[in-house]
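So you can see what is in the structure, the chains are spelled out below.
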Amino acid sequence: MSVGIAWLRGAFRLDDQPMLVEAARRCDALLIVAERSPGPRAGVHRRRFHLGSLAALDRALGALDQGLHVLRETPGDEIPRLAERLGARGVWVGAAPGSEERATLGRLERSLPETCRLHVGRDNRLFDALPIEAGDWPMSFSKFRRKVERNLAPDPALDAPAALPPPPAGFDRAPPDRQADDCGIFAGGEAAGRKRLDDYVFGQRRVLRYKQTRNGLLSFDDSTKFSPWLANGCLSVRRVWSEVERFESGVEANQSTYWVKFELLWREYFRWLMDATGSALFRAEGLADVPPEWRADAKRLQAWREGMTGVPLVDAAMRELAATGYMSNRARQNVASFLVKDLAQDWREGAAWFERQLVDYDVASNWGNWAYQAGTGTDTRERWFNVIGQARRYDPDAEYLAHWLPELRELPSRDRFVPWKAAAPVAEYPAPVVEDPRWS
């Protein structure tokens, strides 16, 4: 009997899983494993979503007379021992961007028994290969987008397998905690992700207004909110793309439906960019020649993390992040700009804090976007955001500010943007850590 191990690394779904389909085709018995934790740097929101996703995946596997084995130790240590114990002939796992992720696979391959082969499939991305010549990286997103839009279309997403081989006989697996379903504002798992996709695109047809609403700060439906499920592999990016195209062909196509795909291309770009540049995006200078000017200031950094800078849009967004593990893309750009340009702190501190806090943390998108904002990516242009003007533009009635900054609710809405200038400043709210004359 041929025994295999399928490691669903950050890929908690059955839909569009060519690696799992291949393992099932080649094995008589299959042990399906996943990590207990999303990593040592993950905070409470990431851990809760991860645990909920494991529980949901185990339920889905149960319908196929299979189940999930949760690894007790690091995959590089435990999987080789499992392969030895079971006499496994192969370990199947999806690839992932990031230097640490690649190093993990390298260590795993070196530790497997000689009779067990490591099979690495594609990760959760749109394209298997790019029409880009070697040595043509790094490149701008605009150039990347033009090349792929002219020359490529994603392959169709694979349907979930209708059957799977049974687990190895006599193996006592460690299932996930079935009580781990409280994931905060996002429910973990493939079913929840597919429900959100179907509801946003076909149910409420909010995809038709995405471009108009995507910069909203307060409403859950201002944007797609697909990112937590994409980042945790509960949704296939090819499935999202194909569902949007199915809507375009059967219902309506407009600028907003295109813009959803445009944002998926941004996600794709950062994955290929990280593949091409290795660990460079984690350096202070990133892909640039020199790092941005910064001076470490623990008090400023802590005020930013805690949402106590005295600048309402920044504080509201950082408190939302702490409470929910999420903030809008518009808010992310503002808090990043404020940390790097106004507080003059190391941009990598911000990227690392997001890595801890974000329920939709994705190594390539997170570090790629922070480098882009800090001017250390492929585009080094200055990007300074007027955080007061941005609040007035995208939260004109200061409702978002009032929601996350209860101490400002009694102020007239116009004073919530600059509470230190109010006729009666709020004692419970701090004065701004910095004040830029350009804000006015």
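Before going into details, it helps to say that this report is about the structure given with it. (Residues numbered from 1 in each chain as written. Predicted model: local features only at pLDDT ≥ 70, side-chain atom pairs only at ≥ 80, totals over all residues. Heavy atoms only, no water.)

**Here's the deal with the overall build of the protein**
Okay, so step 1: Looking only at helices and strands, the protein has 18 helices and 5 strands in total.
Okay, so step 2: Rg of the C-alpha trace for the protein: 23 Å, near the compact-globule value of 22 Å for 440 residues, within the 12% margin.
Okay, so step 3: Over its C-alpha atoms, taken along the principal directions, the protein stretches across nearly 80 × 50 × 45 Å.
Okay, so step 4: Taking all 440 residues of the protein together, the buried fraction comes to 56%.
Okay, so step 5: Contacts spanning at least 24 positions in sequence make up 76% of the contacts within the protein whose residues lie at least 6 apart.
Okay, so step 6: Of the side chains in the protein, 62 bear a positive and 62 a negative charge, and the two mean positions are spaced by 2 Å. (Helix = DSSP H or I, 4+ residues; strand = E, 2+ residues; numbered from the N terminus. Rg over C-alpha atoms; globule rule 2.2 N^0.38 Å. Buried < 20%, exposed > 50% of the residue type's maximum accessible area, 1.4 Å probe, protein only. Contact = heavy atoms within 4.5 Å. Lys, Arg positive; Asp, Glu negative; His and termini not counted. Charge placed at Lys NZ, Arg CZ, Asp CG, Glu CD.)

**Details of the pattern of salt bridges**
Any two side chains of opposite charge can pair, so long as their charged atoms come close to each other.
Okay, so step 1: Across all of its chains, the model carries 34 salt bridges by this definition.
Okay, so step 2: Notably, a salt bridge pairs glutamate 73 with arginine 81, separated by 2.6 Å at the nearest N-O pair.
Okay, so step 3: Classification of arginine 81 by relative accessible area gives partly exposed; the value is 45%.
Okay, so step 4: Between aspartate 297 and arginine 300 there is a salt bridge, with the nearest N and O atoms lying 4.0 Å from each other.
Okay, so step 5: Judged by relative accessible area, which is 27%, aspartate 297 ranks as partly exposed.
Okay, so step 6: In the salt-bridge network here, residues are joined through shared partners; they are Arg102, Asp123, Arg125, Arg271, Asp275 and Asp362. (Salt bridge = Lys/Arg side-chain N within 4 Å of Asp/Glu carboxyl O.)

**What to know about the packing of helix α12 (residues 312–324) against helix α13 (residues 329–342)**
Okay, so step 1: Where α12 contacts α13, the two axes come as close as 9 Å, and the packing angle between them is 115°. In the packing of α12 onto α13, the handedness of the crossing is left-handed. Taken together, the residues of α13 that come into contact with α12 (itself represented by Leu313, Val314, Ala317 and Met318) are Ala331, Asn334, Val335 and Phe338. (Axes fitted to C-alpha atoms, helices over the stretch in contact; angles between N-to-C directions. Left-handed = near helix turned anticlockwise from the far one by under 90°.)

**A few points about α12**
Okay, so step 1: Compared with an ideal rise of 1.5 Å per residue, which puts 13 residues at 18 Å, α12 spans 18 Å between its outermost C-alpha atoms and is within 8% of the ideal.
Okay, so step 2: With 11 of its 13 residues buried, α12 lies for the most part within the structure.
Okay, so step 3: Inspection of α12 places Pro312, Leu313, Val314, Asp315, Ala316, Ala317, Met318, Arg319, Glu320, Leu321 and Thr324 among the buried residues, and these make up the whole buried set.
Okay, so step 4: Following α12 by one or two positions, glycine 325 adopts a phi angle in the positive range, close to 80°. (Expected span 1.5 Å × (residues − 1).)

**What about unusual backbone geometry?**
Okay, so step 1: Although it is not a glycine, arginine 205 sits at a positive phi angle of roughly 55°.
Okay, so step 2: Mapped onto the elements, arginine 205 comes out in the loop between α6 (190–203) and α7 (210–213).

**Examining α6**
Okay, so step 1: Buried within α6 we find Glu190, Ala192, Gly193, Arg196, Leu197, Tyr200 and Val201.
Okay, so step 2: Two residues or fewer after α6 comes arginine 205, characterised by a positive phi angle close to 55°.

**Details of the packing of aromatic side chains**
Note on aromatic pairs: each is described by the distance of the centres and the angle between the planes.
Okay, so step 1: This model, assessed by the stated rule, comprises 25 aromatic pairs.
Okay, so step 2: Ring plane angle 80° and centroid distance 5.2 Å describe the contact between phenylalanine 354 and tryptophan 370, whose orientation is recorded as edge-to-face. Within this pair, whereas phenylalanine 354 is found in helix α14 (residues 347–357), its partner tryptophan 370 is found in helix α15 (residues 363–374), the two being separated by 16 residues in sequence.
Okay, so step 3: Among the residues examined, tryptophan 370 registers a relative accessible area of 3% and is labelled buried.
Okay, so step 4: Taken together, the ring pairs in this structure connect Phe141, Phe144, Tyr258, Trp259, Phe262, Trp266, Tyr269, Phe270 and Tyr372 into an aromatic cluster.
Okay, so step 5: A cation over an aromatic ring shows up here: arginine 9 above the ring of tryptophan 7, its NZ or CZ 5.2 Å from the ring centre.
Okay, so step 6: Above the plane of the ring of tryptophan 384 lies arginine 438, whose end atom (NZ or CZ) is 3.7 Å from the centre. (Phe/Tyr/Trp six-rings, centres within 6.5 Å; stacked < 30°, edge-to-face > 60°. Lys NZ or Arg CZ within 6 Å of the ring centre and 35° of its normal.)

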